[in-house]
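# A closer look at the structure
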Amino acid sequence: VPSFTVESCPSVKNILLLDSEGKRVAVKYFSDDWPNNASRLTFEKSIFTKTLKTNARSEAEITLLDGYIIVYKFVQDLHFFVTAGDDENELIIANVLQGFADSVGLLLRGDVEKRTALENLDLILLCIDEIIDGGIILETDANTIAGKVATNAADGSVPFSEQTISQALATAREHFARSLLK
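None of these values were measured; they are calculated from a predicted model.

### Topic: the packing of aromatic side chains
Enumeration over the complete set of coordinates arrives at seven aromatic pairs. With a centroid separation of 5.0 Å and 40° between ring planes, the pair formed by Trp34 and Tyr68 is classed as tilted. A residue pair is termed long-range when its members are at least 10 positions apart, and Trp34 in the loop between β2 (24–29) and α1 (37–51) and Tyr68 in strand β4 (residues 68–75) qualify at 34 residues. Summarising the burial analysis for this pair, Trp34 and Tyr68 share the class buried. Put simply, the rings of Tyr29, Trp34, Phe43 and Tyr68 touch in pairs and so form one group of aromatic residues.

Written as structure tokens, this is what we have:
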């Protein structure tokens, strides 16, 4: 019987959502390859510069940069990126990107552009959390991701971003209790 370890699971290094000028909209890093904010910003700038002249609108593109696989897609004025080590399977990483872009599209009701994304940043960050945990890929189906995010957002009458610490703890306690009862 083969044993499975965290190392044998497909993983990603980061997931980035940048605007058409290369500025951050939503980013999450799952690796210590970029130990500080300055190195992260430098990496984001180099990805943006390298992919700027490409036409990744109809389908995802793949590139290599500094020993990383980067799969990316542009939707309106947003640029979606998923970065992985060069030993990862490009098709799996492309599935992560597609799941991310499509679930954001579903959550924003097709209005995928910077202004709407910033207004719904809590949903996008929850979306990233549903797709990846600690770099490990959990889900790539856009309908499942958007459904979980919409359910989480609808459970509390107050959006997560506007909850007090006690409200957030109460919500977490409620979710934990519900997960025990399942």
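### Describing the packing of helix α2 (residues 90–107) against helix α4 (residues 121–131)
Two elements in contact, α2 and α4, have axes whose closest approach is 10 Å; the angle formed by their N-to-C orientations is 145°. Helix-helix and strand crossings are classified by hand; for α2 and α4 the assignment is right-handed. Here Val96, Gly99, Phe100, Ser103, Val104 and Leu107 of α2 lie close against α4, whose contacting residues are Leu123, Ile124, Cys127, Ile128 and Ile131. Looking at the contact of α2 with α4, its residues break down into nine nonpolar, two polar and no charged.

### Structural notes on the environment of Ile62
In this fold, Ile62 is placed in strand β3 (residues 61–65). The spatial distance from the C-alpha of Ile62 to the C-alpha of Tyr72 is 6.5 Å, given a sequence separation of 10 residues.

### Regarding the nonpolar core
Ranked by internal contacts, the top residues of the largest apolar core, which has 34 residues, are Leu17, Phe80, Phe100, Ile124 and Cys127. When residues of this core are traced back to their parent elements, those giving at least two are β1 (14–19), β2, β4, β5 (78–85), α2, α4 and α5 (142–155). Tallying contributions element by element places α2 first for this core, with eight residues. Trp34, Ile47, Phe48 and Tyr72 belong to the second-largest nonpolar core, a separate cluster that totals 14 residues.

### Quick notes on the sheet that holds β1
The antiparallel open sheet is built from five strands, whose spatial order is β2-β1-β5-β4-β3. Two strands bound the open sheet, and with one partner strand each, they are β2 and β3. Taking the axes of each pair of neighbouring strands and ignoring which way they run, one obtains an average angle of 20° across the sheet. Of the pairings in the sheet, the one linking β1 to β2 comprises five bridges and is antiparallel in character. Following the sheet pairing, Leu16 is matched in β2 by Val27. Against the sheet, α1 engages β1, β2, β3, β4 and β5, with an angle of about 115° to β2. Here α4 sits on the sheet in contact with β1 and β2, set at roughly 25° to β2.

Criteria and cut-off values
- Residues numbered from 1 in each chain as written.
- Predicted model: local features only at pLDDT ≥ 70, side-chain atom pairs only at ≥ 80, totals over all residues.
- Heavy atoms only, no water.
- Phe/Tyr/Trp six-rings, centres within 6.5 Å; stacked < 30°, edge-to-face > 60°.
- Helix = DSSP H or I, 4+ residues; strand = E, 2+ residues; numbered from the N terminus.
- Buried < 20%, exposed > 50% of the residue type's maximum accessible area, 1.4 Å probe, protein only.
- Axes fitted to C-alpha atoms, helices over the stretch in contact; angles between N-to-C directions.
- Left-handed = near helix turned anticlockwise from the far one by under 90°.
- Contact = heavy atoms within 4.5 Å.
- Nonpolar A, V, L, I, M, F, W, Y, C, P; charged D, E, K, R; others polar.
- Core = buried A, V, L, I, M, F, W, Y, C linked by side-chain atoms within 4.5 Å.
- Pairing = 2+ DSSP bridges.

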